[in-house]
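Summary of structural features
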Amino acid sequence: FRKGSDPAKAGDWRLEFHWLKPSLFTDPNSITFVTSYLKLAEKTANQLSLAVKKMIENWLTNNGQGDKPKAANTLMKRADHEVMPNFWAALEQEFWQLIHQLADGANGAELMQHWRQTLKRRVLLSWREAQKALGSNARSFHAVAAADKALAAVLKLLVEPEVTHTDAAEKPVPIAVP
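Residues numbered from 1 in each chain as written. Predicted model: local features only at pLDDT ≥ 70, side-chain atom pairs only at ≥ 80, totals over all residues. Heavy atoms only, no water.

Brief notes about the overall build of the chain
Each helix and strand counted, the chain has six helices and two strands in total. Counting from the amino terminus, the chain carries its helices and strands in the arrangement α-α-α-α-α-α-β-β. When the 178 residues of the chain are sorted by exposure, 31% land in the buried category. A separation threshold of at least 6 residues defines the contact pool for the chain, and within that pool the share at least 24 residues apart is 70%. (Helix = DSSP H or I, 4+ residues; strand = E, 2+ residues; numbered from the N terminus. Buried < 20%, exposed > 50% of the residue type's maximum accessible area, 1.4 Å probe, protein only. Contact = heavy atoms within 4.5 Å.)

In structure tokens:
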């Protein structure tokens, strides 16, 4: 159901069940990995939202050459409400597959690498979606190019950080930090 045009009052309900193995909830490592997957997705989504808003702001102001129109904030919020739900919807199926694999005993660090790649693909698809919405004229291309640093900041979150761990019995081995 939806009440009026205020997005804060919108309410869509969906009932969904996912049968998960109890080990997912009792194993502290699994809980840590699930938390890290969600935190990375949320951080990525927040940065993507800022990048899309930057792209739109560049387009609206002709890359800083003009004043921001009064309707700019409304337009940016509207674009955010169109791009971000698609980003989350595209992640949902892959997230649940990841969780089921973790519950089945898959390596959480390896799954994190896969999750980072999934997020990267979804970020780039969402970015292209936002680009298409601006059109294909010189002003649009210039706005997108000017927002590339914001996109780079999003993608930087998804680079696998490496930390070396030294064990007395082993040589240094790079490990992933969730």
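Notes on the packing of helix α2 (residues 28-60) against helix α4 (residues 108-134)
Geometry of a packed helix pair, given as the angle between the helix axes and the separation of the axes. In the contact formed by α2 and α4, the axes pass within 10 Å of each other and the chain directions differ by 20°. Here α4 runs roughly parallel to α2, going by the angle between their axes. For α2 against α4, the interelement crossing comes out right-handed. Looking at the contact of α2 with α4 residue by residue, the classes come out as 19 nonpolar, five polar and one charged. (Axes fitted to C-alpha atoms, helices over the stretch in contact; angles between N-to-C directions. Parallel < 35°, antiparallel > 145°, perpendicular 65-115°, else oblique. Left-handed = near helix turned anticlockwise from the far one by under 90°. Nonpolar A, V, L, I, M, F, W, Y, C, P; charged D, E, K, R; others polar.)

Description of the packing of aromatic side chains
A full pass over the atoms with the stated rule returns four aromatic pairs. Arranged with centres 5.5 Å apart and planes meeting at 70°, the rings of Phe 95 and Trp 96 form a pair that is edge-to-face. Through successive ring pairs, a cluster of aromatic residues spans Phe 95, Trp 96 and Trp 115. Its end group placed over the ring of Trp 59, Arg 139 keeps NZ or CZ at 4.9 Å from the ring centre. (Phe/Tyr/Trp six-rings, centres within 6.5 Å; stacked < 30°, edge-to-face > 60°. Lys NZ or Arg CZ within 6 Å of the ring centre and 35° of its normal.)

Describing the environment of Leu 119
If you trace the backbone, Leu 119 turns up in helix α4. Taking the relative accessible area as the measure of exposure, Leu 119 reaches 0% and is therefore buried. For the pair Leu 119 and Phe 87, spaced 32 residues apart in sequence, the C-alpha to C-alpha distance is 9.0 Å.

A look at the packing of α4 against helix α6 (residues 148-157)
At a minimum axis distance of 9 Å, the contact between α4 and α6 shows a crossing angle of 160°. Judged on the interaxial angle alone, α6 and α4 are roughly antiparallel. Like other packed secondary-structure pairs, α4 and α6 cross with a definite hand, here right-handed. Across the interface between the two elements, Arg 116, Lys 120, Val 123, Leu 124 and Trp 127 of α4 pack against Asp 148, Leu 151, Val 154, Leu 155 and Leu 157 of α6. For the contact of α4 with α6, the class distribution of residues is seven nonpolar, no polar and three charged.

Shape descriptors only; they carry no functional weight alone.
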